[in-house]
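Each chain is listed here by its residues.
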Amino acid sequence: MANAVNTRELAVELLMSVEREDGFSSDLIRGTLNKYDYLDRREKAFLKRLTEGCLEKQLYLDFILNQYSNTPVRKMKPFIRALLRSGVYQILWMDQVPDRAAINEAVKLAGRRNFSSLKGFVNGVLRSVSTANANGTLPVPSRENLTEYLSVTHSIPAWLVEKWRQELKDEATEKMLLAFEEPQPVTIRLREFMSQEERQELLTRMQEQGVEVSQHPYLPYAYCLTNLEGVHRLPGYQQGLFAVQDVSSMLCVEAAGIREGDFVLDVCAAPGGKACLAADKTGKNGRVLARDVSDIKLSAVEENAGRLQIDWLSVQLQNAVEYDESMEAKADVVLADLPCSGLGILGKKQDIRYHVTPESLLELQTLQRQILDVVVRYVKPGGTLIYSTCTIDPLENEDNREYIMKELGLKPESIVQYLPEQLRRETAGEGYIQLLPGRDLSDGFFISRFRKLS
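Residues numbered from 1 in each chain as written. Predicted model: local features only at pLDDT ≥ 70, side-chain atom pairs only at ≥ 80, totals over all residues. Heavy atoms only, no water.

Caption draft 1: Structural view of the overall build of the protein. For the protein, the helix and strand inventory stands at 18 helices and twelve strands. Computed over its C-alpha atoms, the radius of gyration of the protein comes to 24 Å, within 12% of the 22 Å expected for a compact globule of 454 residues. Counting only C-alpha atoms and orienting by the principal axes, one finds that the protein spans roughly 75 × 45 × 40 Å. Sequence separation of 24 or more characterises 73% of the internal contacts of the protein that already satisfy a separation of 6 or more. Looking at the protein as shown, the accessible area adds up to about 20600 Å², and 47% of this sits on carbon and sulfur atoms. Charge centroids of the protein, computed over 55 positive and 64 negative side chains, lie 3 Å from each other. (Helix = DSSP H or I, 4+ residues; strand = E, 2+ residues; numbered from the N terminus. Rg over C-alpha atoms; globule rule 2.2 N^0.38 Å. Contact = heavy atoms within 4.5 Å. Areas by Shrake-Rupley, 256 points an atom, 1.4 Å probe, with all protein chains shown as cover. Lys, Arg positive; Asp, Glu negative; His and termini not counted. Charge placed at Lys NZ, Arg CZ, Asp CG, Glu CD.)

Caption draft 2: Molecular detail of the layout of surface pockets. What the second largest pocket holds in volume is close to 390 Å³. Those elements giving two or more residues to the lining of the second largest pocket turn out to be α10 (170-181) and β2 (212-215). Classifying every residue of the lining of the second largest pocket by side-chain character gives eleven nonpolar, nine polar and five charged. (1 Å grid on protein atoms, 1.4 Å probe; cavity = no way out; pocket = protein on both sides within 12 Å on 5 of 7 lines; lining within 4 Å. Points joined across faces, edges and corners; volume = space filled by probe spheres on them. Nonpolar A, V, L, I, M, F, W, Y, C, P; charged D, E, K, R; others polar.)

Caption draft 3: Up close: the nonpolar core. The biggest cluster of nonpolar side chains holds 58 residues, and the ones touching the most others in it are Trp164, Leu219, Leu251, Leu313, Leu343 and Ile447. Ranked by residue count, the leading element in this core is helix α12 (residues 247-255), at six residues. Core analysis: the second largest hydrophobic core is formed by 48 residues, Val12, Leu14, Leu138 and Val152 among them. (Core = buried A, V, L, I, M, F, W, Y, C linked by side-chain atoms within 4.5 Å. Buried < 20%, exposed > 50% of the residue type's maximum accessible area, 1.4 Å probe, protein only.)

Caption draft 4: Spatial organisation of the sheet that holds strand β3 (residues 222-226). Strand order in the open sheet formed by four strands is β2-β3-β1-β4, with antiparallel pairing between adjacent strands. Of all the strands in the sheet, the pair left with one neighbour each is β2 and β4 (242-244). Going across the sheet, the axis of each strand differs from the next one's by a mean of 30°, ignoring polarity. Note: β2 against β3, four bridges, orientation antiparallel. From the neighbouring strand, Glu212 faces β3, where its bridge partner is Thr226. Of the strands in this sheet, β1 (186-190), β2, β3 and β4 touch helix α11 (residues 196-208), which is tilted by about 150° from β1. Sheet strands touched by α12: β1 and β3. Its angle to β1, the strand with the most contacts, is close to 35°. (Pairing = 2+ DSSP bridges. Axes fitted to C-alpha atoms, helices over the stretch in contact; angles between N-to-C directions.)

Caption draft 5: Structural view of the pattern of salt bridges. Evaluation of the coordinates by the stated rule reveals 35 salt bridges. Across the salt bridge formed by Arg85 and Asp62, the nearest N and O atoms sit 2.8 Å from each other. Taken as a pair, Arg85 in helix α5 (residues 78-93) and Asp62 in helix α4 (residues 58-68) lie far apart in primary sequence, 23 residues in all. In this structure, the salt-bridge partner of Arg291 is Asp324, at a minimum N-O distance of 2.4 Å. One end of the pair, Arg291, is in strand β6 (residues 287-292); the other, Asp324, is in the loop between β7 (313-317) and β8 (331-337), with 33 residues separating them in the sequence. As far as the burial class goes, Arg291 and Asp324 line up, both buried. Within the structure, one salt-bridge network assembled from shared partners comprises Glu9, Glu13, Arg112 and Arg113. (Salt bridge = Lys/Arg side-chain N within 4 Å of Asp/Glu carboxyl O.)

Pasting the structure below:
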């Protein structure tokens, strides 16, 4: 049965699904890999790399294709467009795949999907790219137009590049774009109840499976893992000895200064990383209520909390924009990690860049403020609000911070004491920090802390 599965065809179908906006690539790829779990690990790795690579390099692939195709990429049939992108990616970035194999398989796939009349076109375009690559004559965009150059070479829409050049300046923008293209390790946090000996024993068992382990410099319980097949197979996973979580998300909870016995409300909790860490901070004498807008989202929180054996964490279906009178002034800490553009995690979710628009950023800011208007009421007098996002957009970050201060009346509070030495920059004393890929060793993430006055 496994022999009947064509991984290249699966990759093309995934690319078309993403282009149709059927969902985020990470979810689609995960679903496909689970469906074809019986495939050889090398085939699954090939499928994952090819799909993610094509999405990460899409604008550059289109730039190359437009040099060698009489038909502009935007006018191609969706299947042919995805097929050619996957073919060029294999030629340019997958050294273990001979060019002739990439070309021949693409031509066969065109015929198999009833595009026999375009087999010659597919063959001709891919052979031209292969020849130019071998001769070192592939065209390159000019740096004279820096926005276009960065847009093409890093496959980021030009309007985003221009926006970041204005907000971050050129050097920081280029460093960030390069960071998005770096391999993304899996970051885990070891449970804080574990002794140093227990942690070392667990990490040694992981290394014995071939996993490369390094401690993250920001937090003593955070570790980066590479060269692993999947976290579910790692020692300690089923026993709840660690959780998968980016260090920026861990820092967000650290900044809340949660104490044992606190009541913490996480208003947009899925998949539950922050809520579970918050529960470890409150201990069994505390309480964490994790809310989200759908049962599917809450099931992810329940799954994580169940595996970690945190029975003082409860979940509740609740749309954060709808006011809940029963929660008025009840929470010691409200975690408001709100829906956002996700521009800080482009290295992990490559297709976000193709879906976000200037209009969607404004719509998100409106939604974020609608939620903030409601959830600020759940903070008890003297309590703490943490507002955070996984984006680098000032509209969603600094502008909303101003809104919380001026319109909602909360007081910003320093987060210096909760941050590692490397991140104790000036803004931390003012109560917020913008983490930036290429400058900081994390996702792009915004964290701000506020006190509700008595």
